[in-house]
Amino acid sequence: MSDLNTLATPKIIAIANQKGGVGKTTTAINLSAALAEEGYNVLLVDLDPQGNASTGLGIERGSRVVTAYDLLLEEATLEEAVQPTEVDGVFIIPATTDLSSADIELISNEKRSFLLHDALRQPAIEKYALDYILIDCPPSLNLLTVNAMVAAHSVLVPLQSEFYALEGVSQLMLTIREVRQTANANLRIEGIILTMYDGRNNLAQQVEADARTNLGDLVFDTVIPRNVRISEAPSYALPVIEYDTTSRGSKAYRALAQELMKRQPEIAKAG
Ligand code: ADP
Ligand code: MG
């Protein structure tokens, strides 16, 4: 790939943590929406068979005709798989439960870890003038998550502010190291984002202190509070920043987008 092509490539971020319920999907949806609010074009790749990111952005099951599964199995092109969403500037590749069998179906495919990488580099990607691609990973370090890490420039790790939260991080770091050694030498850690934070809770404060001591600058200054508006938004098929634009959750996800953009000065703001 020439330097020129590399510059034109959107920034690809895998949102991963093998624990379920830590805020991966919520972060994928709301960070996408917050970046789009800044004028960026964002593609959210739903790589979780549960399809919660698709649901949360209003893509009903009946509208998921071409999905991430078809793209990975090379049964559809990127252009066929990408759909617009109700949120201006946010596109999605939706997921269905089919995706749960991809691991087994791809086992004898030599390119199995590179399928998403290759799919996202199809020339048709240019048509969407994307600035960011966010990949919502399943709660596992399986072949789907490996595909996300091989395709990505960096990994963003949501960490729920509760006991044992840090224990899973070392396993995740091992997987990142393995992907670096075998397939994607330049894979970076974008950062750790503390989620569902309740500042009145001593344990949450302790988890934050431990994370900042052990992981240093990797931990974003921004913390996502536990906020009921964030958990209500998906049932209205909206990001929280559209569902309740002034809520604490909305403000936090906007702040996360700002912090992420500051870490990425090479991406100029879109018109
Ligand atoms: P994951 O994708 O890691 O499994 P989710 O993003 O689906 O996690 O979040 C798990 C649950 O917690 C969801 O019901 C979601 O609405 C809720 N949730 C996520 N973040 C917050 C938050 N900051 N405040 C309140 N509820 C949240
Ligand atoms: Mg999820």
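Residues numbered from 1 in each chain as written. Chains lettered and ligands numbered in written order. Predicted model: local features only at pLDDT ≥ 70, side-chain atom pairs only at ≥ 80, totals over all residues.

### Observations concerning the overall build of the protein chain
Moving on, step 1. The secondary structure content of the protein chain amounts to 13 helices and 8 strands.
Moving on, step 2. Whereas a compact globule of 271 residues would reach a radius of gyration of roughly 18 Å, the protein chain reaches 17 Å, a difference of no more than 12%.
Moving on, step 3. Dimensions along the principal axes, computed over C-alpha positions, put the protein chain at roughly 50 × 40 × 35 Å.
Moving on, step 4. Here the protein chain holds 271 residues, and the buried ones make up 46% of them.
Moving on, step 5. Partitioning the contacts of the protein chain with sequence separation of at least 6, the portion at a separation of at least 24 is 78%. (Helix = DSSP H or I, 4+ residues; strand = E, 2+ residues; numbered from the N terminus. Rg over C-alpha atoms; globule rule 2.2 N^0.38 Å. Buried ≥ 20, exposed ≤ 12 C-beta atoms within 10 Å, placed from the backbone. Contact = placed C-beta atoms within 7 Å.)

### Some points on the nonpolar core
Moving on, step 1. In this structure, I135 and A148 are the most contacted members of the largest nonpolar core, which totals 82 residues.
Moving on, step 2. When sequence neighbours within four positions are dropped, the list of residues in contact with A148 reads A14, A16, L47, L116, I135 and C137. (Core = buried A, V, L, I, M, F, W, Y, C linked by C-beta atoms within 7 Å.)

### A few points about the confidence of the model for the protein chain
Moving on, step 1. Residues at a pLDDT of 70 or more form 94% of the protein chain, whose mean pLDDT is 93.
Moving on, step 2. Throughout residues 1-7 the model reports pLDDT below 50, and contacts reaching past four residues in sequence, or to other chains, amount to 1 contact. (pLDDT = per-residue confidence, 0-100.)

### Topic: the packing of helix α2 (residues 24-37) against helix α13 (residues 248-263)
Moving on, step 1. Axis separation between α2 and α13 bottoms out at 9 Å; the angle between their running directions is 70 degrees. Here α2 lies roughly perpendicular to α13, going by the angle between them. Relative to α13, the crossing made by α2 is right-handed. Residues N30, L31, A34 and L35 of α2 pack against Y253, R254, L256 and A257 of α13. (Axes fitted to C-alpha atoms, helices over the stretch in contact; angles between N-to-C directions. Parallel < 35°, antiparallel > 145°, perpendicular 65-115°, else oblique. Left-handed = near helix turned anticlockwise from the far one by under 90°.)

### Some points on unusual backbone geometry
Moving on, step 1. Positioned with a positive phi, E74 is a non-glycine residue whose angle comes to about 60 degrees.
Moving on, step 2. Mapped onto the secondary structure, E74 falls in the loop between α4 (68-72) and α5 (78-81).
Moving on, step 3. In this structure, A237 is a non-glycine residue whose phi angle is positive, near 55 degrees.
Moving on, step 4. What makes A237 partly exposed here is the crowd of 17 C-beta atoms within 10 Å.

### Regarding the sheet that holds strand β1 (residues 11-15)
Moving on, step 1. Strand order across the open sheet formed by 8 strands is β3-β4-β2-β5-β1-β6-β7-β8, with mixed pairing between neighbours. Edge positions in the open sheet fall to β3 (83-84) and β8 (219-225), since each of these has one partner strand only.
Moving on, step 2. As defined by bridge partners, β1 adjoins strand β5 (residues 132-136) across 5 bridges and the pair is classed as parallel. Residue pairing for β5: I13 is matched across the bridge by L134.
Moving on, step 3. Contacts from helix α8 (residues 143-151) reach β1, β5 and β6 (154-160), with the element oriented near 155 degrees to β1. (Pairing = 2+ DSSP bridges.)

### Observations regarding the site of ligand 1
Moving on, step 1. Taken together, 18 residues lie near ligand 1, and K24, T25, T26, I230 and S231 sit nearest.
Moving on, step 2. A total of 3 residues in the shell around ligand 1 trace back to one element, the largest contributor, which is α2. (Near = placed C-beta within 6 Å.)

### Some words on the pairing of strand β2 (residues 42-46)
Moving on, step 1. When you tally the buried positions in β2, you get 5 out of 5 residues, the bulk of the element.
Moving on, step 2. Across 4 bridges, β2 lies against strand β4 (residues 90-93) in parallel orientation. Considered in β4, the bridge of L44 is made with I92.
Moving on, step 3. Alignment of β2 against β5, held across 5 bridges, turns out to be parallel. Its bridge partner being in β5, V42 is matched across the sheet by Y132.

### Notes on the environment of R112
Moving on, step 1. Take R112: it is sitting in the loop between α6 (102-105) and α7 (115-119).
Moving on, step 2. Take R112: there are 17 C-beta atoms within 10 Å of it, and that puts it in the partly exposed class.
Moving on, step 3. When the C-alpha atoms of R112 and L215 are compared, they prove to be 32 Å apart, with 103 residues separating the residues in sequence.
Moving on, step 4. The contacts of R112, once residues within four sequence positions are left out, are L106 and L143.

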